[in-house]
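Working through the structure, step by step
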Amino acid sequence: MRVVQAVRDRGFPVVAAVLGLIVAILELTLFNLPHWTSLAAGEEIVASPANIGVVGVRMDYDSGLLEMYEPHGRIEVTGYDTKLRTIWIDPVFHDNAQQQPITIYYDDEGAANRNGGTYNLVAGVEQNNYLLLETMGQSDRVAVEFNSDQSVAGIRQIILNKTIPLGFNWLRFGLLWLLAAFAYLLISRKLWRVTVDPAARSQRISNAVMVAAMVGTLGAAVVWSVSWADGWAAGFRQLLTADHHEYAQLIDAFFKGQVSLLAQPDPSLLSAEYPYDPTYRDDHGVIYLWDYAFWDGQYYSAQGIVPAVVMFLPYRILTGVHLATPLAGFIAAAAAAWFFYLIWRRIVLRWFPQLPYVLYVLGALALFAGSQLVYIMAGPGLQEVVLASGAACVGFGLWALLRATENDKVHLRWVGAGALGLALAVGCRPDLLFVSLLLPVLLWPYLPRKNDGHGRHVAGIAAPPAPIDWPGLLRPNFARLVLACAIPYAVVLGALMVYNAVRFGSVSEFGTTYQLTVANVAGYTDRGVTGTVVTAAYGLFAYLFTGLTLHQVFPFVTADMPWSLPGYTGYLAVSRTVGAVFLPLLWLLPVGGLLGPQFRRRPSLKPLIGAMAGVGLILAVVLTISHGVVGRYETDFFWLWLLPALAILATAHERAVEVGLTPGKVTAVSAALLLVTIGFGLNV
């Protein structure tokens, strides 16, 4: 303690230097564990034609690549007997692909084919080429398997027991130092006592910096997603140049006066007996466009029409060229992050004005991290653009509705704007129609009420709304409210139904049923009631409880694959998914029911957070039934769980202080929960 006090007495520059030294030690030890582990490895073994065997893999002698030609091809390295610590793989990616999962198997201590885990090789990230093993003893065989049905990369070289370089990540060092310095100032200057103050200039600046950091993080994820191997100019061309993506083809079709795409299906697809069955297509050599809708002999876009009309079409008209998907994804994701932040801000200013400012900031960052926007922007394809656009629309819609209902008087223009945002979301992602259930929940307290004294406040607790004045529903004021909600929905949903009817002859068919994708979407209805219930239960369990894979490379955790559901291969798409249980903030959702007295002070908040959590649950089930368990789909509903959890955290913090717990300790525990959520949310 004397040493700590002596450092503090010398002022912040000395404290900053000491914190920098501590962070540097952490960088060289904790974040370089793989380097120190690799130093204990045995002899280095280079894979060559003399000591490898291949299954489902061939050597391309022109390029020098080992390339998979059958699902889950393997490369086996034998002819050695030593302790294995590392496997270095030099990948070459194809067609702008960014990730290739690799599973390692090895023999040691008399056991055959031990599973060493699955690793993701990431384009342009050299440290991911080093795979770490913890074998039981001497090994004499290792197998490198392409953990995929369709490889997106080849392997140029494999070296066993290659020493991992000692690295010093200056960006990570800077961020950790800033976090440590912030924590020091927070504690030493008792900044945790500062509450939210919208008029404070320092807080306005801090908020602007925070939002800029969110947007910058999304931009960095998008920039990171492209390959920079051929230089800066080539990398920026990938970011800003549009390939002939689905929306580009759709807009070209619009200019030709049609809704079907200009591309003509191959005769093998036109004559296919089961065109929507991926197994049939593979077995019969059917040539088709991946992820497009195919119906009545024509290709159609299976993606939501709203992003095409709102972003891609105006860009094409104004510039004469098509909008690149990375740029479109960044714009949509940045808008979504901005509106999610504004929603949290509205909730705090309306219901928790005494919340400590540090929890306000960390809550905003936890919402951003857990929303999975960074995850989808790490590989911004067209579907990620649609997901981000849907998030932006629902974010705008809910923010506008909160703004419309923040006073006793409902602001009709903001009600109309909110309804428009929620309606447009359906044109991005049809499943987001369920988010519209929040509209009546928000407006319910503002229906015409009888004037019978129920509006009084007792002991600081807001009384529930008075009974509805049913004749009052016929008054002009209520009619205007209904029209403010109905007109945006009528215009947007009416246009969507006409568009669907022209394409598929059905107002409710968005093209998903006819999608040529990894699963037999058209066959989902063949599962029956029992199969549908089992699928929904499986998906809900996967979205909630899919685990994390721990390893020795920073950030030490990655999302895992859900357990497979036997018997549904070809019907159910499954991808890497983070379970909600590994975002600690969401642990608070079951606690909400224990805070009834606190919520009685905020009678309009309790139904809102209950509805949001319920809608998130509905979306998780619906997405599983209609699409499968796919990590990027969590963008549709994780925010619907995070916002209620944040409200419960703020309520629990308030209650804990009221019963006599030390405010600083309560704030510290809350901040720790949010920090872990931020860390896991950004890294998985």
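See the structure shown above.
Here is a short report on the structure shown in this document. The structure presented is a predicted model; accordingly, all values stated were derived computationally and were not measured. (Residues numbered from 1 in each chain as written. Predicted model: local features only at pLDDT ≥ 70, side-chain atom pairs only at ≥ 80, totals over all residues. Heavy atoms only, no water.)

1. Some remarks on the packing of aromatic side chains
The final tally for this structure, using the stated rule, is 26 aromatic pairs. Aromatic side chains Tyr-247 and Phe-312 sit 4.9 Å apart centroid to centroid with 55 degrees between the ring planes, which places their arrangement in the tilted category. Taken as a pair, Tyr-247 in helix α7 (residues 246-255) and Phe-312 in helix α10 (residues 305-319) lie far apart in primary sequence, 65 residues in all. Overall, the relative accessible area of 1% leaves Phe-312 in the buried class. Note on Phe-637 and Trp-641: the rings are 5.1 Å apart at their centroids and 70 degrees apart in plane angle, and the pair reads as edge-to-face. Residue classification places Trp-641 among the buried residues on the basis of a relative accessible area of 4%. An aromatic cluster of at least three residues, connected via ring pairs, comprises Tyr-276, Trp-295, Tyr-300, Phe-504 and Tyr-514. It is Arg-74 that lies over the ring of Tyr-105; its NZ or CZ is 4.2 Å from the centre. Here the basic side chain of Arg-281 rests over the ring of Tyr-288, its NZ or CZ set 4.3 Å away from the ring centre. (Phe/Tyr/Trp six-rings, centres within 6.5 Å; stacked < 30°, edge-to-face > 60°. Helix = DSSP H or I, 4+ residues; strand = E, 2+ residues; numbered from the N terminus. Buried < 20%, exposed > 50% of the residue type's maximum accessible area, 1.4 Å probe, protein only. Lys NZ or Arg CZ within 6 Å of the ring centre and 35° of its normal.)

2. Examining the sheet that holds strand β7 (residues 99-108)
Judged by pairing direction, the sheet is antiparallel, and its five strands sit side by side in the order β2-β5-β10-β7-β8 without closing on themselves. Edge positions in the open sheet fall to β2 (52-55) and β8 (111-122), since each of these has one partner strand only. Between one strand and the next, the sheet's axes are offset by a mean angle of 25 degrees, whatever the strand orientation. (Pairing = 2+ DSSP bridges. Axes fitted to C-alpha atoms, helices over the stretch in contact; angles between N-to-C directions.)

3. Focus: the packing of helix α11 (residues 325-351) against helix α21 (residues 638-658)
One way to put it is that α11 packs onto α21 with a least axis distance of 11 Å and a crossing angle of 25 degrees. Relative to α21, the element α11 lies roughly parallel. In this structure, α11 crosses over α21, and the sense of that crossing is right-handed. Of α21, the residues touching α11 (which contributes Phe-340, Ile-343, Trp-344 and Ile-347) are Trp-639, Leu-643, Leu-646 and Ala-647. (Parallel < 35°, antiparallel > 145°, perpendicular 65-115°, else oblique. Left-handed = near helix turned anticlockwise from the far one by under 90°. Contact = heavy atoms within 4.5 Å.)

4. Some remarks on the side chain of Asp-107
Take Asp-107: it is sitting in strand β7. Classification of Asp-107 by relative accessible area gives buried; the value is 14%. Look past the residues within four positions of Asp-107 in its chain and what remains in contact with it is Ala-112, Asn-113, Gln-138, Ser-139, Asp-140 and Arg-141.

5. Observations concerning the pattern of salt bridges
It is possible for side chains of opposite charge to pair when their charged atoms get near one another. Scanning the model with the defined rule gives 11 salt bridges in all. Between Asp-107 and Arg-141 there is a salt bridge whose closest N-O contact spans 2.9 Å. Remark: Arg-141 occurs in strand β10 (residues 138-146) and Asp-107 occurs in strand β7; sequence separation between them is 34 residues. Across the salt bridge formed by Glu-658 and Arg-655, the nearest N and O atoms sit 3.6 Å from each other. With Glu-658 and Arg-655 both in helix α21 and three residues apart, the pair spans about one turn of that helix. (Salt bridge = Lys/Arg side-chain N within 4 Å of Asp/Glu carboxyl O.)

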